[in-house]
Amino acid sequence: MIISRQCAMWGTKLKSEQTPTIEGKINARFLLLGVVAIFFTSALLILVFHRSFDKQVKKDVQLVCTQVSAAYPYLPTQNHLQQFASEDVRITLIAQNGAVLFESMGDISQMDNHLQRPEIADAIKSGQGHSRRSSGTMGIDTYYCATKLPDGNILRISCQVSNLFAAYYSAYPAVIILLCLVLFASVILAFFLTRQIVRPMSSMAGHLDDLPENVPYRELIPFAKEVQQQQKKRLENERIRQEFTANVSHELKTPLTSISGYAEMMEAGMVQPQDLSLFAGKIRTEAGRLIALIGDIIKLSQMDEPVDNSDFAQVNLGKIATDVADLLLLQGQKLGVTILVDPCAQDIFVLGIETELFELCYNLVDNALRYNRPGGKVEIGVLAGDCGITLRVHDTGIGIPPQHQSRIFERFYRVDKSRSKQTGGTGLGLAIVKHIAIHHDATITLVSMQNEGTQIDVTFKK
Ligand code: ADP
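Residues numbered from 1 in each chain as written. Predicted model: local features only at pLDDT ≥ 70, side-chain atom pairs only at ≥ 80, totals over all residues. Heavy atoms only, no water.

**Remarks on the overall build of the protein chain**
Phase 1 of the analysis: Within the protein chain one finds 13 helices and 12 strands.
Phase 2 of the analysis: In terms of C-alpha radius of gyration, the protein chain reaches 50 Å, well past the compact-globule figure of 23 Å for 462 residues.
Phase 3 of the analysis: Principal axes of the C-alpha set define a box for the protein chain whose edges measure 160 × 55 × 40 Å.
Phase 4 of the analysis: Scored against the burial criterion, the 462 residues of the protein chain give a buried share of 34%.
Phase 5 of the analysis: When contacts within the protein chain are restricted to residue pairs at least 6 apart in sequence, those whose partners lie at least 24 apart make up 59%.
Phase 6 of the analysis: With the model as given, the accessible surface of the protein chain reaches about 28900 Å², and the carbon-plus-sulfur share is 60%.
Phase 7 of the analysis: Taken as two groups, the 45 positive and 47 negative side-chain charges of the protein chain have centres that lie 3 Å from each other. (Helix = DSSP H or I, 4+ residues; strand = E, 2+ residues; numbered from the N terminus. Rg over C-alpha atoms; globule rule 2.2 N^0.38 Å. Buried < 20%, exposed > 50% of the residue type's maximum accessible area, 1.4 Å probe, protein only. Contact = heavy atoms within 4.5 Å. Areas by Shrake-Rupley, 256 points an atom, 1.4 Å probe, with all protein chains shown as cover. Lys, Arg positive; Asp, Glu negative; His and termini not counted. Charge placed at Lys NZ, Arg CZ, Asp CG, Glu CD.)

This is the structure:
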């Protein structure tokens, strides 16, 4: 028993350790958001810069091409094109058939026909052509601009530039350090932001009395209300339980004290032999009261267990009414009270637990007899109506004063304690009735007039 309880405790501990924290979750999401934001922003920036860089280089190459082509007609020889070339700017002159006529870098005899080059083909076709080719070496792009000259030859300017990726590649260690710094800053920021979000939630737990003032986020109000209600319910249950325990102790103590008192007197020889049977009878009555009380307490505690709907079956309420009347017939005769069962109360079924429904009916009829007068009547009816099926117990007894009517279903509440005890009451009969009605989702209606009688209806939904 102890081992299994310890295992359960470890299980709970392990489970709570495995449960993710809200702080950890928000932290992780903030970080993810930061990393994704950094990644996409960098990618977008690289794209935008790359496009504008590309445009600018194209423009520059075209400008050189326009300037050289403007100067070309005035050059004494084609070889004079060399003066416009530089380390970055390479000039090539190509004939209409694709043969290279001049090249500022390299030997033209080694060069193949250029007709297939896209910029040359475009220039021949439309007067001007552009292209960009990445060289075998990573990070170097060559921009070409070709224009058709008045003599039919093609002038091509080319320019080699390191592209943006090369620029990033060279700045790679700095980029890594920067990324680490940004990541570190994100971790710190995420940590503080998360704490700022979560802290009010943690402090909310201790201040659930003032709602919604102490709830930091509107979304939490329903949850906080639910928790508050549960807390109130728990406290109320705790109060009822404590009250019940105190009442039970008191109720058990009274008959036990009497039994002990009678026994003591008999032991001390204070009882005359002819009175012995009288005293034994008193002890038996008190013991009977104890047994009845313990029986009712057991029934009530069993009803505190959760309801299992699979035990429900169709129960003949009419038969239960007749059986209870038969069982209490003798007691009715002793009290001079007639029990009548409505003849229409035949074979009317409700969904429920037979033993509980019998107990409910028994308690109601038993009360109707005990709080009655000689010559009185008890009528049991089972009625099938639009609202459901009603079990009705009507008596012509002493009735219940209006100020007590709302409390008689409480445990140990009695209008007249001495009458209840005299007739063998435990003060728990109607509390059991209420519990059974709740189990069966039934409603109880009480109509009572002092000195005229009482009628209790228990209506089961259809
Ligand atoms: P008890 O064991 O004392 O009868 P119950 O829980 O059955 O306890 O009933 C609570 C109290 O309600 C009774 O003590 C009695 O005062 C009152 N009561 C219950 N039923 C009737 C009734 N049919 N007529 C008058 N009073 C009743």
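**Focus on the site of the ligand**
Phase 1 of the analysis: Taken together, 19 residues sit near the ligand, with Asn367, Arg370, Tyr371, Ser420 and Gly427 positioned nearest.
Phase 2 of the analysis: Contacts to the ligand include Val415, whose backbone N or O atom sits 3.1 Å from an oxygen atom.
Phase 3 of the analysis: Gly429 is positioned such that a nitrogen or oxygen atom in its backbone is 3.3 Å from an oxygen atom of the ligand.
Phase 4 of the analysis: If the ligand stood free it would expose 530 Å²; the protein chains cover 98% of that surface.
Phase 5 of the analysis: Those elements that provide at least two residues to the shell around the ligand are helix 10 (354-370) and helix 13 (429-439).
Phase 6 of the analysis: By residue number, the principal contributor to the shell around the ligand is helix 10, which donates three residues.
Phase 7 of the analysis: Within the shell around the ligand, the residues separate by chemical class into eight nonpolar, eight polar and three charged. (Near = heavy atom within 4 Å. Polar contact = N/O pair within 3.5 Å; in protein donor to acceptor, adjacent residues only side chain to side chain. Nonpolar A, V, L, I, M, F, W, Y, C, P; charged D, E, K, R; others polar.)

**A word on the sheet that holds strand 11 (residues 443-449)**
Phase 1 of the analysis: Read across the sheet, five strands follow the order 7-9-10-12-11 without closing on themselves; strand pairing throughout is mixed. Of all strands in the sheet, those with a lone pairing partner are strand 7 (338-341) and strand 11, marking the two edges. Direction aside, the axes of adjacent strands within the sheet are offset by 10° on average.
Phase 2 of the analysis: With seven bridges connecting them, strand 10 (residues 389-395) and strand 12 (residues 453-460) associate as antiparallel partners. Paired with Thr390 across the two strands is Thr459, which belongs to strand 12.
Phase 3 of the analysis: With respect to the sheet, helix 8 (residues 317-327) is in contact with strand 7, strand 9 (377-384), strand 10 and strand 12, its orientation differing from that of strand 9 by roughly 170°. (Pairing = 2+ DSSP bridges. Axes fitted to C-alpha atoms, helices over the stretch in contact; angles between N-to-C directions.)

**Considerations on the pattern of salt bridges**
Phase 1 of the analysis: Scanning all chains against the criterion turns up 19 salt bridges.
Phase 2 of the analysis: Here Arg117 and Asp112 are joined by a salt bridge, their closest N and O atoms 3.1 Å apart.
Phase 3 of the analysis: Here Arg241 makes a salt bridge to Glu238, at a shortest N to O gap of 3.4 Å. Here Glu238 and Arg241 lie together in helix 6 (residues 221-267), a separation of three residues that amounts to about one turn.
Phase 4 of the analysis: The exposure class of Arg241 is exposed, given its relative accessible area of 53%. (Salt bridge = Lys/Arg side-chain N within 4 Å of Asp/Glu carboxyl O.)

**Section: the side chain of Asp54**
Phase 1 of the analysis: Residue placement: Asp54 occurs in helix 2 (residues 22-71).
Phase 2 of the analysis: Under the relative-accessibility criterion, Asp54 is labelled buried at 14%.
Phase 3 of the analysis: Polar side-chain contacts of Asp54 include one of 2.7 Å to the side chain of Tyr143.
Phase 4 of the analysis: With near-sequence residues (within four places) excluded, Asp54 lies in contact with Arg132 and Tyr143.

**Section: the nonpolar core**
Phase 1 of the analysis: Within the largest apolar cluster, 47 residues are counted, with the highest numbers of intra-cluster contacts made by Leu317, Leu364, Val365, Ile380, Val382, Leu391 and Phe460.
Phase 2 of the analysis: Where this core is concerned, the elements lending two or more residues are helix 6, helix 7 (276-303), helix 8, helix 10, strand 9, strand 10, helix 13 and strand 12.
Phase 3 of the analysis: For this core, the element with the most residues is helix 10, which contributes seven residues.
Phase 4 of the analysis: Filtering out sequence-adjacent residues up to four positions away, Ile380 remains in contact with Ala321, Ala325, Ile339, Leu340, Val341, Asp342, Val365, Leu391, Arg392 and Val393.
Phase 5 of the analysis: Judged by nonpolar contacts, the second largest core, of 19 residues, contains Tyr72, Leu81, Tyr143 and Cys145. (Core = buried A, V, L, I, M, F, W, Y, C linked by side-chain atoms within 4.5 Å.)

**Things to note about the packing of helix 6 against helix 7**
Phase 1 of the analysis: Direction vectors running N to C along helix 6 and helix 7 enclose 160°, while the axes themselves pass 9 Å from each other. One way to sum up the angle between helix 6 and helix 7 is to call them roughly antiparallel. As helix 6 packs across helix 7, the resulting crossing turns out to be left-handed. Contacts between helix 6 and helix 7 involve Phe244, Val248, Glu251, Leu252, Pro255, Leu256, Ser258, Ile259, Tyr262, Ala263, Met265 and Met266 from the former and Leu276, Phe279, Lys282, Ile283, Glu286, Ala287, Leu290, Leu293, Ile294, Ile297 and Leu300 from the latter.
Phase 2 of the analysis: Residue composition of the contact of helix 6 with helix 7, grouped by class: 19 nonpolar, one polar and three charged. (Parallel < 35°, antiparallel > 145°, perpendicular 65-115°, else oblique. Left-handed = near helix turned anticlockwise from the far one by under 90°.)

All quantities given are derived from atomic positions and should not be read as evidence of function.
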